[in-house]
2 protein chains.
Amino acid sequence: MLTERQLLILKAIVDNYITHAEPVGSRSVSKREDIDYSPATIRNEMSDLEELGFLEKPHSSAGRIPSHKGYRYYVDHLLSPKKLSKNEIIGIQSMFRDRFSEIEQVIQQSAKILSNLTSYTSIVLGPEVFESTLRQIQIVPISSSAAVAIIVTDTGHVENQTVALPENLDVNELEKVVNILNASLKGVPLVKLRDKLTTEISKVLEKYIDQYDEMLSLLNKTFLSQQNEKVFFGGKTNILAQPEFNDVERVRRLFNIFEEDELISRLFRPEDKGLTIKIGQENRFEPFDDCTVVTATYSVEGKNMGTISILGPTRMEYQRVIGILDYLSKDLSKLLTKRYQQ
Amino acid sequence: MLTERQLLILKAIVDNYITHAEPVGSRSVSKREDIDYSPATIRNEMSDLEELGFLEKPHSSAGRIPSHKGYRYYVDHLLSPKKLSKNEIIGIQSMFRDRFSEIEQVIQQSAKILSNLTSYTSIVLGPEVFESTLRQIQIVPISSSAAVAIIVTDTGHVENQTVALPENLDVNELEKVVNILNASLKGVPLVKLRDKLTTEISKVLEKYIDQYDEMLSLLNKTFLSQQNEKVFFGGKTNILAQPEFNDVERVRRLFNIFEEDELISRLFRPEDKGLTIKIGQENRFEPFDDCTVVTATYSVEGKNMGTISILGPTRMEYQRVIGILDYLSKDLSKLLTKRYQQ
DNA sequence: TGTTAGCACTCGGGAGTGTTGAGTGCTAAA
DNA sequence: TTTAGCACTCAACACTCCCGAGTGCTAACA
């Protein structure tokens with residue numbers, strides 16, 4: 001168990017390193033107002049803190065920097081929640097001004113606000129597709145042999161895919177198919193569409209539709225669509241301003257990761273609701289070994305909708321980030337609840 | 001007018017600099033097989049070429065590098081078109097294997113192929129929206145107060161937008177509106193939708209529809225959608241491998257530009273058909289002052305559809321890039337023509 | 001016994017210096 | 001006209017030196 005004074009010093013060092021990004025020496029700690037021990041005393045404590053694994057030395061004659069364990073302790077025990085400033089609240093509120101912009105736009109906007117306020121990179125995952133259900137399906141021919149299949153979900157999300165039409169298709173037949181689908185699939189979760197198609201629907205179609213085989217393969221194609229939740233970024237390049245990323249090779253690796261939506265949505269999907277903080281190796285993903293990911297979920301009526309996250313260096317302004325993320329996720333939940341319930 | 005020998009030397013220097021990214025000295029030029037003059041002779045010619053503005057010296061005791069004028073001359077006069085290698089052709093063909101994937105997927109795929117083959121960054125602009133016309137419009141309610149408006153174009157492109165519904169809306173009314181729209185707007189270019197709405201349609205609606213005002217504002221909202229052509233990237237991070245981009249601040253600026261679709265689509269829209277090469281300041285965009293942009297257009301039946309471009313350093317493998325871009329744009333045109341005509 | 005002053009020690013980083021080698025430009029000879 | 005020869009230039013690199021920020025240890029002090 002750490003002593004009062006050790007806590008004080010640990011907090012001072014982490015605070016200082018977070019703002020200045022440079023190893024913290026005993027002298028600068030002893031100069032702080034809330035601390036009046038001599039540098040020598042501080043040094044002794046620092047040495048102990050290092051032994052306990054909370055601090056590290058980049059090299060023998062430098063100051064100390066927090067270890068991952070140090071950050072973890074700082075986050076878990078030393079952080080007093082901080083109210084948002086007026087500006088921050090105003091910034092967030094402005095997002096809700098345009099009341100009826102598209103839901104995806106709202107989410108995209110959240111990502112932007114988040115990155116602006118924190119000056120890190122934000123990642124927002126849209127509503128998880130596998131939770132949403134079919135509202136309507138539509139097949140619009142665009143030529144004699146191709147059509148666009150459109151799926152609208154209950155969350156207002158639209159997916160579309162170009163599919164080949166069977167030759168000599170009767171347009172009325174197509175209409176019949178669409179009607180059958182809409183009658184029997186409304187409210188079915190997207191992930192179950194293919195099941196339903198092969199079990200129930202195919203029988204009905206067989207009965208009423210001429211070009212049964214072709215139709216079935218067409219529909220199979222339609223329901224195959226990716227079904228990934230959407231990934232929105234805010235301030236992709238913000239993180240480059242951090243001295244930790246002053247190396248093009250690192251930037252390259254990071255941005256390669258950014259390109260892979262699937263990887264991103266796996267990495268940033270949280271295990272549970274609420275706010276989680278993953279520091280360094282806790283991410284279990286080597287390229288993020290000295291990054292911190294803070295994730296919050298947003299939800300509608302207790303149903304998890306998606307997540308909003310911040311990606312930054314382990315040397316992150318935890319207090320601000322947590323405050324903002326917490327506030328924003330709740331506000332977003334409120335806003336979406338309003339939307340969906342109406 | 002340059003002498004035979006000067007041409008030979010200029011070409012040698014540009015070739016060499018393109019592959020090695022280092023200033024070229026007289027000795028290394030004289031060692032080439034196709035050149036047998038002594039370094040001293042070469043030096044004299046190089047000095048002349050510098051005076052003429054085709055070459056530059058980074059500093060007094062370094063070799064020469066091509067100036068923008070040098071590249072321009074090289075591209076215009078010294079480049080022999082080169083056939084694609086088998087691998088390259090196979091790579092491109094593989095793109096067409098999945099015959100009925102979405103058209104946007106094909107275009108996205110082109111971008112990827114392009115960047116893979118060239119190891120630069122590729123930018124592909126989708127079909128220009130203002131050329132496409134309305135195929136069908138659909139308004140799907142997702143709650144009592146919100147709906148998704150969906151517009152399908154003749155090119156198979158789908159746009160959607162969430163809109164607010166008037167209170168106490170009669171669903172039948174909505175259906176009537178949609179029917180009217182579909183009957184009278186099919187084939188109208190997207191850019192003219194709003195015009196048509198205020199001129200012709202509004203009168204019809206006024207006659208048949210109860211909640212006229214609310215409906216009109218709803219439709220206005222629907223037709224307001226961005227109408228930008230889509231921007232696809234391939235190998236965004238490829239360009240970071242170029243030594244020219246070994247500076248995080250530069251990378252930051254570049255990627256900030258990448259984020260702005262509108263800027264990108266303005267920058268990469270060509271003035272005319274065919275292949276254009278913009279070297280350095282010819283781009284008239286300061287951040288691209290030492291980049292080259294090679295752009296080709298693809299089209300269907302002579303109608304310009306979009307563009308495919310390569311962004312790389314001025315020190316670019318022009319020959320390869322031109323060959324690939326030329327081939328790919330033609331193949332893409334062919335493919336799309338097939339699609340649209342069916 | 002906890003705290004602090006004093007001091008020797010460490011080490012990264014910046015400034016200064018010398019050397020190397022690739023390259024140039026000029027001159028004079030072939 | 002071409003080329004060999006030579007003096008000159010300059011970036012890059014290695015080397016040294018020194019400074020200063022910081023540490024750890026010890027001994028003295030409250």
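Throughout, residues of each chain are indexed from 1 in the direction in which the sequence is written. Key to labels: chains lettered from A, ligands numbered from 1, both in the order written. Predicted model: local features are reported for residues with pLDDT of at least 70 only, side-chain atom pairs are reported and counted for 80 or more only, and whole-chain, interface and lining totals are derived from all residues. Side-chain calculation: all heavy atoms of the structure are included, whereas hydrogens and water are not.

*Asks:* Now, about unusual backbone geometry: what can you tell me, with residues and values included?
*Replies:* The phi angle at Ala21(A) is positive, at roughly 60°, despite the residue not being glycine. Within the secondary structure, Ala21(A) is located in the loop between helix H1 (4-20) and helix H2 (26-30). With phi around 60°, Ser119(B) is a residue other than glycine that occupies positive phi space. For the purposes of this entry, the term helix denotes a DSSP run of H or I that reaches at least four residues, the term strand denotes a run of E that reaches at least two, and both are numbered from the N terminus. By the element assignment, Ser119(B) lies in the loop between helix H6 (103-118) and strand S3 (121-125).

*Asks:* How would you summarise the domain arrangement of chain A if you had to cite specific residues and measurements?
*Replies:* Residues and elements named next belong to chain A. Throughout the structure description, domain borders are defined by an automatic or database domain assignment. Domain parsing of chain A yields domain 1 (4-78), domain 2 (86-128 + 229-341) and domain 3 (131-223). The straight-line distance from the C-alpha centre of domain 1 to that of domain 2 is 29 Å. Contacts between the two partners involve 8 residues from domain 1 and, on the opposite side, 13 residues from domain 2. Three residues, Ile 18, His 68 and Arg 72, lead the burial of domain 1 against domain 2; their summed loss comes to 53% of the area buried on that side. The working definition used for a salt bridge is a side-chain nitrogen of Lys or Arg within 4 Å of a carboxyl oxygen of Asp or Glu. In this structure, the connection of domain 1 to domain 2 is made through 1 salt bridge. Of the charged contacts, one joins Glu 282 and Arg 72 as a salt bridge, the two residues approaching to 2.5 Å between their closest N and O atoms. Under this definition, polar contacts are N or O atom pairs within 3.5 Å; protein pairs additionally need one hydrogen-donor-capable and one acceptor-capable atom, and for neighbouring residues in sequence, both atoms have to be side-chain atoms. Taken together, domain 1 and domain 2 are joined by 3 residue pairs in polar contact (both at pLDDT 80 or more). Within the residue set of the side of domain 1 that touches domain 2, elements represented by two or more residues are H1 and helix H4 (68-78). Ranked by residue count, the leading element in the side of domain 1 that touches domain 2 is H4, at 5 residues. The criterion used for residue contact is that any of the two residues' heavy atoms lie within 4.5 Å. As a working definition, buried area equals the accessible area (1.4 Å probe) given up by two parts on being put together, with both sides summed.

*Asks:* So what about the protein's contact with DNA strand D? Which residues, and what values?
*Replies:* We call a residue near a given molecule or strand whenever any one of its heavy atoms falls within 4 Å of it. In the vicinity of DNA strand D there are 20 residues, among which Ser26(A), Arg43(A), Thr41(B), Ser60(B) and Ser61(B) approach most closely. Each atom of DNA strand D within 4 Å of the protein was assigned to sugar, phosphate or base; sugar and phosphate come to 71%. Arg43(A) has a polar side-chain atom sitting 3.0 Å from a base nitrogen of DNA strand D. With respect to DNA strand D, the side chain of Arg64(A) contributes an N or O atom lying 3.2 Å from a phosphate oxygen. For the surface near DNA strand D, the leading source of residues is helix H3 (residues 39-51) of chain B, giving 4 residues.

*Asks:* Give a description of the relation of the copies chain A and chain B that names residues and reports values.
*Replies:* One copy of the chain maps onto the other through a rotation about an axis followed by a shift along the same axis. Each copy is superposed on the other by least squares, with the fit set by C-alpha atoms of residues at a pLDDT of at least 70 in both. When chain A is fitted onto chain B, the two copies agree to an RMSD of 0.1 Å after a turn of 180° and an axial shift of 0.0 Å. Within this description, the copies of the chain are treated as partners about a two-fold rotation axis. Distance from the rotation axis, computed per C-alpha, reaches its smallest value in chain A at Val248(A): 2.9 Å.

*Asks:* Can you break down the protein's contact with DNA strand C residue by residue, with the values?
*Replies:* Near DNA strand C there are 20 residues, and of these Thr41(A), Ser60(A), Ser61(A), Ser26(B) and Arg43(B) occur at the shortest range. Interatomic distance of 3.2 Å between a backbone N/O atom of Ser38(A) and a phosphate oxygen of DNA strand C. Backbone polar atom of Ala62(B) to a sugar or linking oxygen of DNA strand C: 3.5 Å apart, as the coordinates give it. Every element with two or more residues in the surface near DNA strand C is listed here: helix H3 (39-51) of chain A together with H3 of chain B. Ranked by residue count, the leading element in the surface near DNA strand C is H3(A), at 4 residues. Three residue categories are used. Nonpolar comprises Ala, Val, Leu, Ile, Met, Phe, Trp, Tyr, Cys and Pro, charged comprises Asp, Glu, Lys and Arg, and polar comprises the others, including Gly. Of the residues contributing to the surface near DNA strand C, the split by class is 4 nonpolar, 11 polar and 5 charged.

*Asks:* An account of the pattern of salt bridges is requested, with residue identities and associated values reported.
*Replies:* Under the definition given, this model contains 31 salt bridges over all chains. Salt-bridge contacts for Arg250(A) lead to Asp290(A); the nearest nitrogen and oxygen are separated by 3.0 Å. A residue pair is termed long-range when its members are at least 10 positions apart, and Arg250(A) in helix H10 (residues 248-259) and Asp290(A) in the loop between strand S8 (276-279) and strand S9 (291-300) qualify at 40 residues. Its relative accessible area of 15% is what places Arg250(A) among the buried residues. Only protein chains enter the accessibility calculation, which uses a 1.4 Å probe; a residue whose area is less than 20% of its type maximum is buried, one above 50% is exposed, and one in between is partly exposed. Its relative accessible area of 34% is what places Asp290(A) among the partly exposed residues. Note that Asp76(B) and Arg72(B) form a salt bridge whose closest N and O atoms lie 3.2 Å from each other. Residue Asp76(B) and its partner Arg72(B) are both found in helix H4 (residues 68-78); the two are separated by 4 residues, about one turn of the helix. Under the relative-accessibility criterion, Asp76(B) is labelled partly exposed at 44%. When its relative accessible area of 21% is taken as the criterion, Arg72(B) is described as partly exposed. When salt bridges that share partners are traced, they join Arg72(A), Asp76(A) and Glu282(A) into one network.

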